[in-house]
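# Commentary on secondary and tertiary structure
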Amino acid sequence: MIRACALSDLDDKKPLAVEVGDVAVVLVREGDEVHALRDECSHASLSLSEGEVTRKGIECWLHGSCFDLRTGQPSSPPASEPVDVYAVRVDGDDVYVDPTTAVNQPRP
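Calculation notes
- Once a new chain begins, its residue numbering starts again from 1 and follows that chain's sequence as written.
- Local features in this predicted model are restricted to residues whose pLDDT is 70 or higher, and side-chain atom pairs enter the listing and the counts only when it is 80 or higher, whereas totals over whole chains, interfaces and linings include all residues.
- Excluding hydrogens and water, the side-chain figures rest on all heavy atoms present in the structure.
- Here a helix means four or more residues in a row that DSSP labels H or I, a strand means two or more in a row labelled E, and each is numbered from the N terminus.
- The cut-offs for exposure are 20% and 50% of the maximum accessible area for each residue type, with area from a 1.4 Å probe on protein chains only; residues under the lower value are buried, those over the upper are exposed, and the others partly exposed.
- UniProt positions are given in the numbering used here, feature names are shortened, and annotations may be inferred rather than shown by experiment.
- Note on pairing: two strands pair once DSSP finds at least 2 bridges between them.
- The angle between two axes is taken between their N-to-C directions and runs from 0 to 180 degrees, where each axis is a line fitted to C-alpha atoms and a helix contributes only its stretch in contact.
- By convention in these notes, a salt bridge is any Lys or Arg side-chain nitrogen within 4 Å of a carboxyl oxygen on Asp or Glu.

On to the overall build of the protein, then. Across its full length, the protein carries 0 helices and 10 strands. Its helices and strands in sequence order give the protein the pattern β-β-β-β-β-β-β-β-β-β, from N to C terminus. For the C-alpha atoms alone, the extent of the protein along its principal axes is close to 40 × 35 × 20 Å. The buried share of the protein, taken over its 108 residues, is 39%.

Once that is clear, we can look at the UniProt feature "domain: Rieske" (unreviewed entry) in the protein. The UniProt record annotates "domain: Rieske" (unreviewed entry) at residues 2-97. Segment residues 2-97 splits into 0% helix and 48% strand. End C-alpha atoms: 5 Å apart.

Before going further, it helps to examine the sheet that holds strand 9 (residues 85-91). The strand order across the open sheet formed by 6 strands is 1-10-9-4-3-2, and the pairing between neighbours is antiparallel. In this open sheet, the two edge strands, each paired with only one partner strand, are strand 1 (2-6) and strand 2 (16-20). Sheet twist, expressed as the average angle between the axes of neighbouring strands with direction ignored, equals 35 degrees.

Where strand 2 and strand 3 (residues 23-30) come together, 5 bridges link them in antiparallel fashion. Opposite Leu-16, over in strand 3, you have Leu-27 as the bridge partner. In sequence, strand 2 turns back onto strand 3 through a hairpin of 2 residues, with Gly-21 there showing a positive phi of about 65 degrees.

Before going further, it helps to examine the sheet that holds strand 8 (residues 74-76). Taken together, the 4 strands give an open sheet; going across it, the order is 5-6-7-8, and neighbouring strands pair in antiparallel fashion. Edge positions in the sheet fall to strand 5 (52-54) and strand 8, since each of these pairs with one other strand and no more. Across 2 bridges, strand 7 (residues 66-67) lies against strand 8 in antiparallel orientation. The residue of strand 8 that forms the bridge with Phe-67 is Pro-74.

Here the focus is unusual backbone geometry. For the peptide bond that leads from Pro-77 to Pro-78, omega is 15 degrees, which places it in the cis range. Within the secondary structure, Pro-78 sits in the loop between strand 8 and strand 9. Of note in this structure, Lys-13 is not a glycine but carries a positive phi near 60 degrees. Inspection of the secondary structure puts Lys-13 in the loop between strand 1 and strand 2. With phi around 55 degrees, Ser-45 is a residue other than glycine that occupies positive phi space.

Here the focus is the pattern of salt bridges. Applying the stated criterion across every chain, the model contains 5 salt bridges. In this structure, Asp-94 and Arg-3 form a salt bridge, with 2.7 Å as the shortest nitrogen-oxygen distance. Pair noted here: Asp-94 is in strand 10 (residues 94-102) and Arg-3 is in strand 1, with a separation of 91 residues, a long-range link. Take Asp-94: its relative accessible area is 24%, and that puts it in the partly exposed class. Judged by relative accessible area, Arg-3 falls into the partly exposed class, the value being 43%. Residue Glu-33 is joined to Arg-70 by a salt bridge in which the shortest nitrogen-to-oxygen separation is 3.2 Å. You can see Glu-33 sitting in strand 4 (residues 33-38) and its partner Arg-70 sitting in the loop between strand 7 and strand 8, a full 37 residues away along the chain. Its relative accessible area of 35% is what places Glu-33 among the partly exposed residues. Arg-70 gets classed as partly exposed once you look at its relative accessible area, which sits at 49%.

The following block contains the structure:
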């Protein structure tokens, strides 16, 4: 796991773009829970961190595709493929992400 940011850097339901290793990640805090997804829409290859968090998940700002924060599955078109979701650990004020394996994708 790699330290991504401080927990205090995250505002509730506001996306934050970070580089974790060489992977672009978007972090979203929901109360005490932090979600980490690949910061790239599977439909248009745009940064999800530029979108907003809705009750359906994180919404891509260009075409409105929405992705579930826990599973990465698209909940609205035009996206049909999920985005990677990464394991997160919070230790005190530190947020750690493991960008090496997507927890929502089948392992080879």
